[in-house]
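# Remarks on the overall topology
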Amino acid sequence: MALLSILQYPDARLNKKAKPVAVVDDRIRKLVKDMAETMYDAPGVGLAATQVDVHERVVTIDVSEDGSALQTFINPEIVWKSEELRTYEEGCLSVPGVYDEVERAARVRVKALDRDGKPFEIECDGLLAVCIQHEIDHLDGKVFVEYLSLLKQNRIKTKMRKAEREAMRA
């Protein structure tokens, strides 16, 4: 397994739409393992392949307290959203140190393939519902800060670019 580099907002590659996985094979299973290791190391509760510059529809999520409930979603698709909305404070491994409130569906039903290529469907609420919507957004080329006002987006871009310049000098 290997730790992967996580793209940082406003990197344009984060806005690239991911393609469906044609075949769940050893390459995809290795990607899932590497993504999980990267997600846990960061530490985070979700990671989309787009964030590690692999533009295929693969997501890893673990919303458990102890990191014991890894879930893999290959070619995830939201097939139902509740009309009820909830606002959660979200953060993102691609936008470190930035947290803001985003309104999303309170519950969703998702169909996907697991790491063995077997289809499944799951209904999610709470943090898992937020996380799966957030990660599918990544696969569609959208970062959570794009839900915020233009003023906030521009402030975040400036902050992230400044942090990148300072990191390059160090």
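Below or above, wherever it landed, is the structure these notes cover. Keep in mind it's a predicted model, so treat the numbers as computed, not measured.

Each value, and the rule that gives it
- Residues numbered from 1 in each chain as written.
- Predicted model: local features only at pLDDT ≥ 70, side-chain atom pairs only at ≥ 80, totals over all residues.
- Heavy atoms only, no water.
- Helix = DSSP H or I, 4+ residues; strand = E, 2+ residues; numbered from the N terminus.
- Polar contact = N/O pair within 3.5 Å; in protein donor to acceptor, adjacent residues only side chain to side chain.
- Contact = heavy atoms within 4.5 Å.
- Core = buried A, V, L, I, M, F, W, Y, C linked by side-chain atoms within 4.5 Å.
- Buried < 20%, exposed > 50% of the residue type's maximum accessible area, 1.4 Å probe, protein only.
- Pairing = 2+ DSSP bridges.
- Phe/Tyr/Trp six-rings, centres within 6.5 Å; stacked < 30°, edge-to-face > 60°.

### Here's the deal with the side chain of Thr50
Its location among the elements puts Thr50 in the loop between β1 (46-48) and β2 (58-61). A polar contact of 3.4 Å, which involves the side chain of Thr50, links it to the backbone oxygen of His138. The contact partners of Thr50, leaving out residues within four places of it in the chain, are Leu7, Arg13, Leu14, Lys16, Ala18, His55, His138 and Leu139.

### Considering the nonpolar core
Inside soluble globular proteins, nonpolar side chains tend to come together where they are buried. If you look at the biggest cluster of nonpolar residues, it comprises 16 residues, and the most contacted ones within it are Val59, Ile61, Phe73, Val108, Cys124 and Ile132. Looking at this core, the elements that each hand over two or more residues are β2, β6 (107-113) and α2 (126-139). Sorting elements by how many residues they give to this core places α2 first, with six residues. Excluding residues that lie within four positions of it along the chain, Cys124 makes contacts with Ala106, Arg107, Val108, Ala129 and Ile132. Judged by nonpolar contacts, the second largest core, of 14 residues, contains Val21, Ile28, Val32 and Ile74.

### Re the pairing of strand β7 (residues 119-125)
The pairing of β6 with β7 spans seven bridges and is antiparallel. Among the inter-strand pairings, Arg109 is bridged to a residue of β7, identified as Glu123. Between the antiparallel neighbours β6 and β7 lie five residues, among them Gly117 with a positive phi of about 85 degrees.

### Here's the deal with the packing of aromatic side chains
Within this structure, the stated rule accounts for one aromatic pair. A centroid spacing of 5.5 Å and a plane angle of 50 degrees characterise the contact between Phe73 and Phe120, whose relative ring orientation is tilted. With Phe73 in strand β3 (residues 71-81) and Phe120 in strand β7, this pair connects stretches of sequence that are 47 residues apart. According to the relative accessible area criterion, Phe120 is partly exposed, its value standing at 27%.

### Re unusual backbone geometry
The omega torsion of the bond from Tyr9 to Pro10 falls at 10 degrees, within 30 degrees of zero and hence cis. Turning to its location among the elements, Pro10 is positioned in the segment before α1 (26-41). For the bond running from Ala42 to Pro43, omega is -15 degrees, close enough to zero to count as cis. Within the element layout of this structure, Pro43 appears in the loop between α1 and β1. Non-glycine residue Asp53 carries a positive phi angle of around 65 degrees. Following the sequence through the fold, Asp53 ends up in the loop between β1 and β2. Note on Asp53: relative accessible area 34%, which makes it partly exposed.

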